[in-house]
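# Summary of the model geometry
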Amino acid sequence: MAPPAASASPGHWRVDGDLEETMPGVVEAGAWGLLAGSALLVGAVPGYLLRVPRLVVASVMAFGAGVLLSALSFELIAEAHEEAGLVPAAVGTLAGAGAYTLGNVLLARRGARHRKRSGRRRGPPSESEESGSGTALALGALLDGVPESVVIGVGLAQGGAVSLVTVAAVFISNIPEGLSSAAGMRSSGRGGRYVFGVWGSIAVASMLASMLGFAVVGGLPATAVATVTAVAAGAILAMVSDTMIPEAFEDTHLAMGLITVCGFLVSFALSHI
């Protein structure tokens, strides 16, 4: 079998004809979504088993936030604007941010407000401290992860090629998310079965969300696809601002902004390779 052929668009990867015949698009979308979601487990293992210094957690989170901000700017919102125009892209982005914020507010009232915090001082509450917080934490993790996975499937449906930049951005950002959240859950008394069960379930949900993004959006007009992309991008941007950046800068040091910029530039470079 010949090696995979690259698409004309930078940062995108297209499977060759033989692989396309054996791997339907929806299955491929699920595989990419599962790959990106599995990074949550990669981060959760050291976050739960090791006592990672909070400054390290914050630095890794800052890098992941920069990666996602770049991918949002140059991959998702830019493409939505190019396909659908300014108004649909802006309205979709606001709608996604609004929907995420509403869901986040509802879950915050049940104890999921600080689900990505790693420290004891402002980590998530234990079940004894707030009944139902375990379910809220799981739903909060699902709320954070689904939009990221949907855009992977949508991008594959739109161009027949997966955006390596988007997959890499989600994968890189999921590692510090899993690390910080697992550390916070451990400090609040959550057991290993709960922690790894949550992140394993979210990884599977990421696969299903990516498959759903491909299957549902695949037959829609380009303008509708672009609008859906903008909605997902708005939700991701709200998530980064509300959960990742506060954790990154809670134990801030002078290099934190520089680390965020480094993550931004890594993602930017990937989009132009």
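Read on for a plain summary of the structure. Please read all numbers here as calculations on a predicted model, not as lab measurements.

## What to know about the overall build of the protein
Each helix and strand counted, the protein has nine helices and two strands in total. Listing the helices and strands of the protein from first to last along the sequence gives β-α-α-α-α-α-β-α-α-α-α. By residue count, 47% of the 273 residues in the protein fall in the buried class. Here the contacts in the protein between residues at least 6 apart in sequence split such that 83% fall between residues at least 24 apart. Roughly 11,700 Å² of accessible area belongs to the protein as shown, and the carbon and sulfur atoms make up 70% of that amount.

## Some remarks on helix H3 (residues 54-84)
The terminal C-alpha atoms of H3, which comprises 31 residues, lie 42 Å apart, in line with the 45 Å expected from a rise of 1.5 Å per residue. At leucine 72, H3 shows its maximal bend, which comes to roughly 40°. In the stretch just after H3, glycine 85 is the one whose phi turns positive, near 100°.

## With respect to a nonpolar patch on the surface
Residues Phe74, Val261, Leu265 and Phe268 make up a contiguous nonpolar surface patch of about 330 Å² in total accessible area. The greatest single-element share of the nonpolar patch, amounting to three residues, is contributed by helix H9 (residues 256-270). Structurally, leucine 265 is set in helix H9.

## Side note on the packing of aromatic side chains
A full pass over the atoms with the stated rule returns three aromatic pairs. Centroid distance phenylalanine 74 to phenylalanine 264: 5.8 Å. Interplanar angle 70°. Geometry classified as edge-to-face. Here phenylalanine 74, found in helix H3, pairs with phenylalanine 264, found in helix H9; they are 190 residues apart in sequence, far enough to count as distant. Take phenylalanine 264: its relative accessible area is 27%, and that puts it in the partly exposed class.

## Details of the nonpolar core
Membership of the largest hydrophobic core comes to 23 residues, with the highest contact counts inside it found for Leu68, Leu76, Ile236, Met239, Val240 and Met244. At the level of elements, H3, helix H8 (222-250) and H9 are the ones that each hand at least two residues to this core.

## Considering H8
Taking 1.5 Å of rise per residue, the 29 residues of H8 would be expected to cover 42 Å, and the 41 Å separating its terminal C-alpha atoms lies within 8% of that figure. Along H8, the largest kink reaches about 35° and is centred on valine 240.

## What to know about the packing of helix H2 (residues 25-49) against helix H6 (residues 164-187)
Contact pair H2 / H6: the axes reach a minimum separation of 6 Å and the direction vectors enclose 30°. The pairing of H2 with H6 is recorded here as roughly parallel in orientation. For the crossing formed where H2 meets H6, the hand is right-handed.

## Considerations on the environment of tyrosine 100
Here tyrosine 100 lies in helix H4 (residues 86-112). Residues tyrosine 100 and alanine 238, spaced 138 residues apart in sequence, show a C-alpha to C-alpha distance of 6.9 Å.

## Some details on the side chain of glutamate 148
Position of glutamate 148 among the secondary structure elements: in helix H5 (residues 133-159). Classification of glutamate 148 by relative accessible area gives buried; the value is 1%. Here glutamate 148 is in contact with Leu68, Val170, Ser173, Asn174, Glu177, Ile236 and Met239, once residues within four sequence places are set aside.

## Digging into the packing of H3 against H6
Remark: H3 packs on H6, axes separated minimally by 8 Å, with the N-to-C direction vectors making an angle of 155°. Taken together, the axes of H3 and H6 lie roughly antiparallel to each other. Crossing geometry of H3 relative to H6 is assigned as left-handed. The segment H3 lies against H6, with Val57, Val60, Met61, Phe63, Gly64, Val67, Leu68, Ala71, Glu75 and Leu76 engaging Val165, Thr166, Ala169, Val170, Ile172, Ser173, Pro176, Glu177, Leu179 and Ser180. For the contact of H3 with H6, a count of residues per class yields 14 nonpolar, four polar and two charged.

## Considering the side chain of serine 59
Following the sequence through the fold, serine 59 ends up in helix H3. Relative accessible area serves as the criterion here: at 15%, serine 59 is assigned to the buried category. Within polar-contact distance, the side chain of serine 59 engages the backbone oxygen of leucine 55 at 2.8 Å. Among all residues touching serine 59, those that are not within four sequence positions of it are His253, Met256 and Ile259.

Calculation rules
Residues numbered from 1 in each chain as written. Predicted model: local features only at pLDDT ≥ 70, side-chain atom pairs only at ≥ 80, totals over all residues. Heavy atoms only, no water. Helix = DSSP H or I, 4+ residues; strand = E, 2+ residues; numbered from the N terminus. Buried < 20%, exposed > 50% of the residue type's maximum accessible area, 1.4 Å probe, protein only. Contact = heavy atoms within 4.5 Å. Areas by Shrake-Rupley, 256 points an atom, 1.4 Å probe, with all protein chains shown as cover. Expected span 1.5 Å × (residues − 1). Bend = angle between axes of the 7 residues up to and from the residue. Patch = residues over 30% accessible without salt bridge, like charges linked within 9 Å, V, L, I, M, F, W, Y side chains within 5 Å. Salt bridge = Lys/Arg side-chain N within 4 Å of Asp/Glu carboxyl O. Phe/Tyr/Trp six-rings, centres within 6.5 Å; stacked < 30°, edge-to-face > 60°. Core = buried A, V, L, I, M, F, W, Y, C linked by side-chain atoms within 4.5 Å. Axes fitted to C-alpha atoms, helices over the stretch in contact; angles between N-to-C directions. Parallel < 35°, antiparallel > 145°, perpendicular 65-115°, else oblique. Left-handed = near helix turned anticlockwise from the far one by under 90°. Nonpolar A, V, L, I, M, F, W, Y, C, P; charged D, E, K, R; others polar. Polar contact = N/O pair within 3.5 Å; in protein donor to acceptor, adjacent residues only side chain to side chain.

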